[in-house]
Amino acid sequence: MAELSVLLVDDEPLARRGLKQALSRHADVTVCGECRDGREAVSAITSLKPKLVLLDVQMPELDGFGVIREVGVDRMPAVIFITAYDAFAVRAFDAHAVDYLVKPFADERFDEALNRARSRLRQEEAAELGRKLAALLADSVARPASAQVQPPVEPVPSRPGEPLGRLLVKVGTRSVLVPVSDIDWIAADDYCVTLHVGDKEYVLRESLAALEAQLDSERFVRIHRSAIVNVERIRELHHDSPTETVVVLSTGQRLRVSRGRKDVLERRLGRAR
């Protein structure tokens, strides 16, 4: 992967120094700037355009979530939140953060978060390449059919402001329209996602985050970094341990719910009393 430019945002100098030391073990990383507060961060993100921001949640005047609001979710780089409290985990993931680190964190946990950021960026680059290819092909409709190459998959756009209603999926030499309402669950798979529809599977060249943004948030919910489920397909929740929750779909499929997503899911379904 290309060089990873990282912006450090933390109001504590010692914390920024620790982050720099952790990043120094990674040859592909360049620290493009350091910010002491949220206002500096907004300006630096706009001017420096880093690929990744290590963003402290709690800062005076403008906190980490405020930085995202100021910059705008659509213009925000990938984010790893840094926090002293695990309670911010759910809000971090709701803000589409790549990961969050609770101070103090081990080198292994930091490296895991950084690798997730690399993976997210690769997915987004692949998705952008797919969109550009689809646009190029759309512009070439005047060429003979034998000279054209079809994109593997492409979302069928809804009217502005509406969630996706269906997806056009390339299957061999034909294209299949898959109603979004028929999807049981969606799994991240490298640079693509796999749509699970009954006993069928369809591969879509799109990042999970990009697809999630186009889905009906009332119907689909992220239960894990790598999984989205159709809430209408959820049959049961199994609490295998105080920290382990499993979703059981109507198909019998069992999917693990991450700790940071458990409360979000239960609120969506209606928490048991």
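**Student:** What's the story with the overall build of the protein in this structure? I'm lost.
**Tutor:** Along the backbone of the protein there are seven helices and 16 strands. For the protein, with 273 residues in total, the buried portion stands at 45%. A separation threshold of at least 6 residues defines the contact pool for the protein, and within that pool the share at least 24 residues apart is 49%. As displayed, the protein offers around 14600 Å² of accessible surface, 50% of which is attributable to carbon and sulfur atoms.

**Student:** Any chance you could explain the sheet that holds strand β1 (residues 4-9) here in plain terms?
**Tutor:** For sheets, the rule is that strands pair by backbone hydrogen bonds, running either parallel or antiparallel. Strand order across the open sheet formed by five strands is β2-β1-β3-β4-β5, with parallel pairing between neighbours. The sheet is open, and its two edges are formed by β2 (29-35) and β5 (99-102), each paired on a single side. If you compare each strand with its neighbour and ignore which way they point, the axes differ by 20° on average. Bridging between strand β3 (residues 52-56) and strand β4 (residues 78-83) involves five bridges; their strand directions are parallel. What sits directly across from L54, in β4, is I80.

**Student:** I'm lost on helix α7 (residues 259-269) in this one. Help?
**Tutor:** Residue pairs spaced three or four apart in an α-helix point in one direction, given the helix's 3.6 residues per turn. Among the residues of α7, those classed as buried are G260, R261, V264, L265 and E266. Trailing α7 by a residue or two, G270 shows a phi angle of about 100°, which is positive.

**Student:** Before we go on, may I ask you to explain the side chain of E212 in this structure?
**Tutor:** By the element assignment, E212 lies in helix α6 (residues 208-214). A polar atom in the side chain of E212 sits 2.8 Å from the side chain of R222.

**Student:** Would you explain helix α2 (residues 38-48) in this entry?
**Tutor:** Along α2, the residues that are buried comprise G38, A41, V42, A44 and I45. In this structure, the buried residues of α2 make contact with β1, β2, β3 and α3 (64-71). Sitting at the head of α2, D37 places a side-chain oxygen 3.1 Å from the backbone nitrogen of R39. Just beyond α2, the residue with positive phi is K49, at close to 50°.

Reading the values: the criteria
Residues numbered from 1 in each chain as written. Predicted model: local features only at pLDDT ≥ 70, side-chain atom pairs only at ≥ 80, totals over all residues. Heavy atoms only, no water. Helix = DSSP H or I, 4+ residues; strand = E, 2+ residues; numbered from the N terminus. Buried < 20%, exposed > 50% of the residue type's maximum accessible area, 1.4 Å probe, protein only. Contact = heavy atoms within 4.5 Å. Areas by Shrake-Rupley, 256 points an atom, 1.4 Å probe, with all protein chains shown as cover. Pairing = 2+ DSSP bridges. Axes fitted to C-alpha atoms, helices over the stretch in contact; angles between N-to-C directions. Polar contact = N/O pair within 3.5 Å; in protein donor to acceptor, adjacent residues only side chain to side chain.

That's the geometry; what it means functionally is another story.
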